[in-house]
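Spelled out, the chains give:
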Amino acid sequence: QLQLVESGGGLVQPGGSLRLSCQVSGSTSESAAVGWFRQAPGKEREGVSCISSSGGSTNYRDSVKGRFTISRDNALNTVYLQMNDLKPEDTAVYYCTGEVAYWSEFACHINEGYTYWGQGTQVTVSS
């Protein structure tokens with residue numbers, strides 16, 4: 001069992017920055033790989049980034065590479081998504097996800113493999 005709570009969403013102008021936080025709790029939280037997904041209006045949910053429980057493996061979808069950075073601080077039970085140079089197409093509800101599996105310590109997957117979800121936080125990029 002994992003519990004995930006997102007925060008940090010809001011309204012930002014194109015080119016601006018925002019940092020999302022995901023508070024992870026539960027008995028196996030330190031063993032969980034964590035991913036960020038997003039769903040824009042009228043579009044399918046898509047994986048954005050992920051990080052292994054060790055922090056040693058990260059992945060990003062091509063459209064955010066060089067702009068977004070995922071990190072985690074297990075002492076604080078928190079995963080962060082630093083988003084820079086935001087674009088209108090980044091507008092979406094962002095979800096924090098988690099999974100404890102055989103691959104969780106040293107690997108993660110952007111688009112699959114997660115069974116625990118947060119409630120989501122809205123990110124709107126608009127002038």
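For the structure itself, look to the data block above.
The text that follows walks through the structure, step by step, so that each part is easy to find. Computed from a prediction, not measured in an experiment: that's the story for all the values here. In every chain, residue numbers begin from 1 and rise along the written sequence. Residue-level local features of this predicted model are given only where pLDDT is at least 70; pairs of side-chain atoms are given and counted only at 80 or more, and the full residue set underlies all totals for whole chains, interfaces and linings. The basis for the side-chain values is all heavy atoms of the structure; hydrogens and waters are excluded.

### Re empty space enclosed by the protein
So, point 1. Points on a 1 Å grid over protein atoms alone make up a cavity when a 1.4 Å probe fits among them but cannot get out, and a pocket when they form an open set with protein on both sides within 12 Å along at least five of seven lines; lining residues each have an atom within 4 Å of a point. Grid points are joined across faces, edges and corners, and a volume is the space filled by probe spheres set on the points. One pass over the full model with this rule turns up 1 cavity of 30 Å³ or more.
So, point 2. The space that makes up the largest cavity amounts to roughly 50 Å³.
So, point 3. In terms of lining residues, the largest cavity is bounded by Val-24, Ser-29, Glu-30, Arg-72, Asp-73, Asn-74, Asn-77, Thr-78 and Val-79.
So, point 4. Working definition: helices are DSSP H or I runs of at least four residues, strands are E runs of at least two. Numbering for both runs from the N terminus. Only strand 7 (68-73) and strand 8 (78-83) provide two or more residues apiece to the lining of the largest cavity.
So, point 5. Per-class residue counts for the lining of the largest cavity are 2 nonpolar, 4 polar and 3 charged. Gly is put with the polar residues, along with every residue not named as nonpolar or charged; the nonpolar set is Ala, Val, Leu, Ile, Met, Phe, Trp, Tyr, Cys and Pro, and the charged set is Asp, Glu, Lys and Arg.

### Here we look at the packing of aromatic side chains
Each aromatic ring pair is characterised by the separation of its centres together with the angle its planes make.
So, point 1. Pairing of aromatic rings covers Phe, Tyr and Trp, the last counted by its six-membered ring, and requires centre-to-centre distances within 6.5 Å; plane angles under 30 degrees mean stacked, over 60 mean edge-to-face, and any other angle means tilted. On inspection of all chains with the given rule, the structure shows 4 aromatic pairs.
So, point 2. Between Phe-37 and Trp-117 the ring centres are 5.0 Å apart and the planes differ by 50 degrees, which places this aromatic pair in the tilted class. Placement of the pair is Phe-37 in strand 4 (residues 33-39) and Trp-117 in strand 10 (residues 116-117), with a sequence separation of 80 residues.
So, point 3. Residue classification places Phe-37 among the buried residues on the basis of a relative accessible area of 3%.
So, point 4. One aromatic cluster is present, formed by Phe-37, Tyr-95, Trp-103, Tyr-114 and Trp-117 through successive ring pairs. Only protein chains enter the area calculation, which uses a 1.4 Å probe; residues under 20% of their type maximum are buried, those over 50% are exposed, and those in between are partly exposed.

### As for the pairing of strand 9 (residues 92-99)
So, point 1. Judged by how many residues are buried, strand 9 sits mostly within the fold: 6 of 8 residues are covered.
So, point 2. For two strands to be treated as a pair, DSSP must find no fewer than two bridges joining them. Direction of pairing for strand 4 relative to strand 9: antiparallel, over a ladder of 7 bridges. Of the residues in strand 9, the one forming a bridge with Ala-33 is Glu-99.
So, point 3. One ladder, built from 3 bridges, connects strand 9 with strand 11 (residues 121-125); its direction is antiparallel. Among the inter-strand pairings, Tyr-94 is bridged to a residue of strand 11, identified as Thr-121.
So, point 4. The pairing of strand 9 with strand 10 spans 2 bridges and is classified as antiparallel. By the bridge assignment for strand 10, Thr-97 is matched with Trp-117.

### Side note on the pairing of strand 7
Taken residue by residue, a regular strand's side chains alternate between the two faces of the sheet.
So, point 1. Burial along strand 7 is one-sided: the residues Phe-68, Ile-70 and Arg-72 are buried and none of Thr-69, Ser-71 and Asp-73 is.
So, point 2. Counted between consecutive antiparallel strands, the loop separating strand 7 from strand 8 contains 4 residues, among which Asn-77 sits at a positive phi close to 55 degrees.

### Things to note about the side chain of Ser-52
So, point 1. The topology assignment puts Ser-52 in the loop between strand 5 (46-51) and strand 6 (58-60).
So, point 2. Polar contact criterion, stated in full: a pair of N or O atoms within 3.5 Å, where within protein one must be able to donate a hydrogen and the other to accept it, and residues adjacent in sequence count only if both atoms are side-chain atoms. Of note is the side chain of Ser-52, whose polar atom sits 3.3 Å from the backbone oxygen of Glu-105.
So, point 3. Contacts are assigned to residue pairs with any non-hydrogen atoms lying within 4.5 Å of each other. Residue contacts for Ser-52: discarding those within four places in its chain leaves Ala-32, Ala-33, Ser-57, Arg-72, Ser-104, Glu-105, Phe-106, Ala-107 and Cys-108.

### Some remarks on the side chain of Glu-99
So, point 1. Tracing the sequence through the fold places Glu-99 in strand 9.
So, point 2. In this tally, Asp and Glu contribute negative charge and Lys and Arg positive charge; neither His nor the terminal groups of the chain are included. Whenever a carboxyl oxygen of Asp or Glu lies within 4 Å of a side-chain nitrogen of Lys or Arg, that contact is scored as a salt bridge. Notably, Glu-99 is buried but unbridged: the nearest opposite-charge side chain belongs to Arg-45, and the N-O separation is 11 Å.
So, point 3. For Glu-99, the side chain forms a polar contact with the side chain of Thr-115, separated by 2.7 Å.

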